[in-house]
Amino acid sequence: MKAVRWVRVSLALCITLLTIPWTGGYIVDPGPVVKATKGEIWPKPRNQTTSLQYYTIKTGSFAFQSMNYSCDLLEKALDRYQKLVLSIGNTTRRAMHNRGYAFQSRNELSSASHANRSWRSDTNWAGYLEQVQVDLKAPCEELPHLSMDEEYTINIDDFQARLSSFSIWGMLRALESFSQMVVLSDDGSMLRINSTTIDDGPRFSHRGLLVDTSRHFIDTCTLVKILDGMAYNKLNVFHWHIVDDHSFPYESKAFPELSEKGAYHPSMVYTQRDIQMIIEEARLRGIRVMSEFDTPGHTRSWGVSHPELLTECQDQYRGKLGPMDPTRESTYTFLSNLFREVIEVFPDQYVHLGGDEVGFECWASNPNILEYMKQNRLYSFEMLEEKFIQRIVDQIDVLNRSSLVWQEVYVNGVRLPKGTVVHVWTGNRQDLLNKITRDGLPALLSSCWYLDHLSTGGDWRKFYNCDPHDFIGTGQQKSLVLGGEACMWSEVVNGHNILPRIFPRVSATAEKLWSPASVNNADEAARRLEEQTCRMNHRGIPAQPPNGPGFCI
């Protein structure tokens, strides 16, 4: 009888679910809920003028032609984008060919499109486009950085296409925009691009994605895919939250035992070679890699090999280890040696020091900690934490690097060196951004862009409706907001589901950080995001559908 009852319940549930309409009503139109654009750029450029006039790309002879300056970054980018452009429509053509409609290869596409003269009678057809001039007007920089120039222009007219920039980083963004404008014709017979002029550059200099690789190990192949997806959305900072309580997958040269004992498994360790590969793959895409070694909390995995670094809990917590012990000079010596290594391995100017969510229960149970506080006239655990963080921030300052810290460090009153970035992740973001910038400190916003916070349907809109300048403050204060980051904490994601969890939801954050503040129409963005999602799918990023029922072809 129980089995029969479960069958009846299951059938009833299925019938109920089938009768629940997606749009909130029972009368719907056939076809996709949101119709994708064609050849529109994501994130939306600052200024763009596009005409109905278009050019046909000769796939057999199409090439990028480098002018003026060049370097390995540009040469590799041209090769990468040449392949991306010529691969446009391959998925569609294969599907159409299987149904007897289209062509198997680019050669067949080229010969067949030239044989098919019908589109040449189109009054909007301007001619063929075989070369794109890539005009890099200044020598290449080696490493991406916070103040890098990402401005560029594109001009496609008079049978010529020219991409121009005074920076290699701007040229990378120009190549991405150009590649997004190339589309397959409706009949699948040719690649085409409209006559266009673009003058573009980012609104914010720091446009990041945090990826947590401690709670679940994420393999390097997946991390490179994430970098690809970031480049397709013009994000430029890979915030690598590489270690945390649960595992320590970073292979330290000075302290190899940290990962030998603290990683989940020997196969789940980022070797020095792995790390250099990720840094290089990011560099080639104009992406900074910023490491985070969170202290004094979130350090339980450190204690597997070095329990002396952590506080021994007493009373009801006896047998447990808590945050780092801030009373031992050996703790600071250890961290000084580790951070000296970190700045050698990660070339970025900034090091994220964490400082968030420090639980005080263990400190409160330890008599040595309490005696230390008494002798040093520290009347609260916030003051004890301040003393610890101050030492670590000073260590980074001595090493001629700059620190980022989570907001608790600022809220708890730590004296931060000029230029230390305060990272806002929770609470009243408008109030915090006002206070931080009023004190003359730069800020980053993440609190409205937590990708691990799931909602039903196309929840990208909640990310799209957040703006880093949405707080009361002067123009000078708002200039101190460097940008923001979307955060992909990995409690419930791993290498199998992290990519569709990130993309295309992070695309919403990317546009808010790149495009002008006036770009704020979510309904208009929905159509472009539908296209961007399909574009990422075609490029190998398994981005999830953003808007409900629809299709990619």
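Structural notes, computed from the coordinates. (Residues numbered from 1 in each chain as written. Predicted model: local features only at pLDDT ≥ 70, side-chain atom pairs only at ≥ 80, totals over all residues. Heavy atoms only, no water.)

## Details of the overall build of the protein chain
Moving on, step 1. Looking only at helices and strands, the protein chain features 19 helices and 18 strands.
Moving on, step 2. A compact globule built from 553 residues would reach a C-alpha radius of gyration of about 24 Å, and the protein chain, at 26 Å, matches this within 12%.
Moving on, step 3. Seen along its three principal axes, the alpha-carbon backbone of the protein chain occupies a region of about 90 × 80 × 50 Å.
Moving on, step 4. Residues classed as buried in the protein chain amount to 55% of the 553 residues present.
Moving on, step 5. Of the contacts formed within the protein chain by residues at least 6 apart in sequence, a portion of 74% connects residues at least 24 apart.
Moving on, step 6. Taken as a whole, the protein chain presents about 24,200 Å² of accessible surface, with 52% of it coming from carbon and sulfur.
Moving on, step 7. Across the protein chain, the mean location of the 57 positive side-chain charges is 5 Å away from that of the 65 negative side-chain charges. (Helix = DSSP H or I, 4+ residues; strand = E, 2+ residues; numbered from the N terminus. Rg over C-alpha atoms; globule rule 2.2 N^0.38 Å. Buried < 20%, exposed > 50% of the residue type's maximum accessible area, 1.4 Å probe, protein only. Contact = heavy atoms within 4.5 Å. Areas by Shrake-Rupley, 256 points an atom, 1.4 Å probe, with all protein chains shown as cover. Lys, Arg positive; Asp, Glu negative; His and termini not counted. Charge placed at Lys NZ, Arg CZ, Asp CG, Glu CD.)

## Thoughts on the pairing of strand 4 (residues 131-136)
Moving on, step 1. Most of strand 4 is tucked away: five of the six residues are buried.
Moving on, step 2. As judged from the six bridges shared by strand 2 (residues 63-68) and strand 4, these two strands associate in the parallel manner. By the bridge assignment for strand 4, Met67 is matched with Asp135. (Pairing = 2+ DSSP bridges.)

## Concerning the state of the cysteines
Moving on, step 1. Counted by the stated rule, this structure contains four disulfides.
Moving on, step 2. One disulfide bridge connects Cys71 with Cys140, the sulfur atoms lying 2.1 Å from each other. Disulfide Cys71 to Cys140: torsion about the S-S bond roughly -80°, handedness left-handed. One end of the pair, Cys71, is in the loop between strand 2 and helix 2 (72-86); the other, Cys140, is in the loop between strand 4 and strand 5 (152-157), and 69 residues separate them in sequence.
Moving on, step 3. For Cys71, a relative accessible area of 15% puts it in the buried group.
Moving on, step 4. The exposure class assigned to Cys140 is partly exposed, which follows from its relative accessible area of 22%. (Disulfide = S-S within 2.5 Å.)

## A few points about the packing of helix 2 against helix 5 (residues 168-181)
Two packed helices can be described by the angle between their axes and the distance between those axes.
Moving on, step 1. Where helix 2 meets helix 5, the axes come as close as 10 Å, and the angle between the chain directions of the two elements is 5°. With respect to each other, helix 2 and helix 5 are oriented roughly parallel. Residues Leu73, Leu74, Ala77, Leu78, Arg80, Tyr81 and Val85 of helix 2 form the contact with helix 5, whose own contacting residues are Ile168, Trp169, Met171, Leu172, Leu175, Glu176, Phe178 and Ser179.
Moving on, step 2. Each residue belonging to the contact of helix 2 with helix 5 can be placed in one class, and the counts come to twelve nonpolar, one polar and two charged. (Axes fitted to C-alpha atoms, helices over the stretch in contact; angles between N-to-C directions. Parallel < 35°, antiparallel > 145°, perpendicular 65-115°, else oblique. Nonpolar A, V, L, I, M, F, W, Y, C, P; charged D, E, K, R; others polar.)

## Focus on empty space enclosed by the protein
Moving on, step 1. Under the criterion given, the structure shown has three cavities of 30 Å³ or more.
Moving on, step 2. Here the second largest cavity defines a volume of roughly 40 Å³.
Moving on, step 3. Sorting the residues of the lining of the second largest cavity by element identifies helix 2 and helix 5 as the ones contributing at least two each.
Moving on, step 4. With three residues, helix 5 is the largest single contributor of residues to the lining of the second largest cavity.
Moving on, step 5. Residue classes in the lining of the second largest cavity are distributed as three nonpolar, no polar and four charged. (1 Å grid on protein atoms, 1.4 Å probe; cavity = no way out; pocket = protein on both sides within 12 Å on 5 of 7 lines; lining within 4 Å. Points joined across faces, edges and corners; volume = space filled by probe spheres on them.)

## Some points on the sheet that holds strand 15 (residues 402-406)
Moving on, step 1. The strand order around the closed barrel formed by eight strands is 9-10-11-14-15-16-17-18, and the pairing between neighbours is parallel. Each neighbouring strand pair of the sheet contributes to a mean axis angle of 30°, computed without reference to strand direction.
Moving on, step 2. Pairing geometry for strand 15 and strand 16 (residues 421-424), over three bridges, is parallel. Paired with Val405 across the bridge in strand 16 is Val422.
Moving on, step 3. Its contacts with the sheet place helix 9 (residues 329-345) against strand 11 (288-295) and strand 14 (350-354), and it is angled at close to 170° to strand 11.

## A look at the nonpolar core
Moving on, step 1. Counting 133 residues, the largest nonpolar core has Phe64, Phe178 and Trp302 as the members making the most contacts within it.
Moving on, step 2. Counting residues domain by domain, this core receives three or more from each of domain 1 (47-97 + 120-200) and domain 2 (206-539).
Moving on, step 3. Those residues in contact with Trp302, other than ones at most four positions away along the chain, are Val243, Phe248, Leu258, Phe293, Asp294, Thr295, Leu309, Met324, Phe334, Leu335 and Leu338.
Moving on, step 4. If you look at the next biggest cluster of nonpolar residues, it comprises nine residues, including Ile369, Met373, Phe381 and Leu384. (Core = buried A, V, L, I, M, F, W, Y, C linked by side-chain atoms within 4.5 Å. Domains from an automatic or database assignment.)

## Describing the environment of Phe551
Moving on, step 1. Looking at the element boundaries, Phe551 is found in the segment after helix 19 (522-538).
Moving on, step 2. Look at Phe551 and you get exposed, because its relative accessible area is 54%.

## Structural notes on helix 9
Moving on, step 1. Between its first and last C-alpha, helix 9 extends 25 Å over 17 residues, near the 24 Å set by a 1.5 Å rise per residue.
Moving on, step 2. Turning to helix 9, its buried residues number three or more, namely Thr331, Tyr332, Phe334, Leu335, Ser336, Leu338, Phe339, Glu341, Val342, Ile343 and Val345.
Moving on, step 3. Residues of helix 9 that are buried in the fold lie against helix 7 (257-262), helix 8 (272-284), strand 11, strand 13 (321-324), strand 14 and helix 12 (381-398). (Expected span 1.5 Å × (residues − 1).)

## A look at unusual backbone geometry
Moving on, step 1. Here Thr295 and Pro296 are connected by a cis peptide whose omega angle stands at -5°.
Moving on, step 2. Along the chain, Pro296 falls in the loop between strand 11 and strand 12 (310-312).
Moving on, step 3. In this chain, Phe503 is followed by Pro504 through a cis amide linkage whose omega measures 5°.
Moving on, step 4. Considering the arrangement of structural elements, one finds Pro504 in the loop between helix 17 (498-502) and helix 18 (505-514).
Moving on, step 5. With phi around 55°, Asn68 is a residue other than glycine that occupies positive phi space.

## Digging into the packing of aromatic side chains
Moving on, step 1. Across all of its chains, the model carries 22 aromatic pairs by this definition.
Moving on, step 2. An angle of 75° between the planes, with centres 5.9 Å apart, marks the rings of Tyr55 and Phe159 as edge-to-face. Residue Tyr55 is found in strand 1 (residues 47-57), and its partner Phe159 is found in the loop between strand 5 and strand 6 (160-165); the two are separated by 104 residues along the sequence.
Moving on, step 3. What makes Phe159 exposed here is its relative accessible area of 54%.
Moving on, step 4. Here Phe238 and Trp240 contribute two aromatic rings whose centre-to-centre distance is 5.7 Å and whose plane-to-plane angle is 55°, an arrangement assigned as tilted.
Moving on, step 5. Classification of Trp240 by relative accessible area gives buried; the value is 0%.
Moving on, step 6. Here the aromatic cluster, defined as three or more aromatic residues joined through ring pairs, consists of Phe217, Phe238, Trp240, Phe248, Tyr250, Tyr270, Phe293, Trp302 and Phe346.
Moving on, step 7. Against the face of Tyr128 rests Lys58, its NZ or CZ located 4.5 Å from the ring centre. (Phe/Tyr/Trp six-rings, centres within 6.5 Å; stacked < 30°, edge-to-face > 60°. Lys NZ or Arg CZ within 6 Å of the ring centre and 35° of its normal.)

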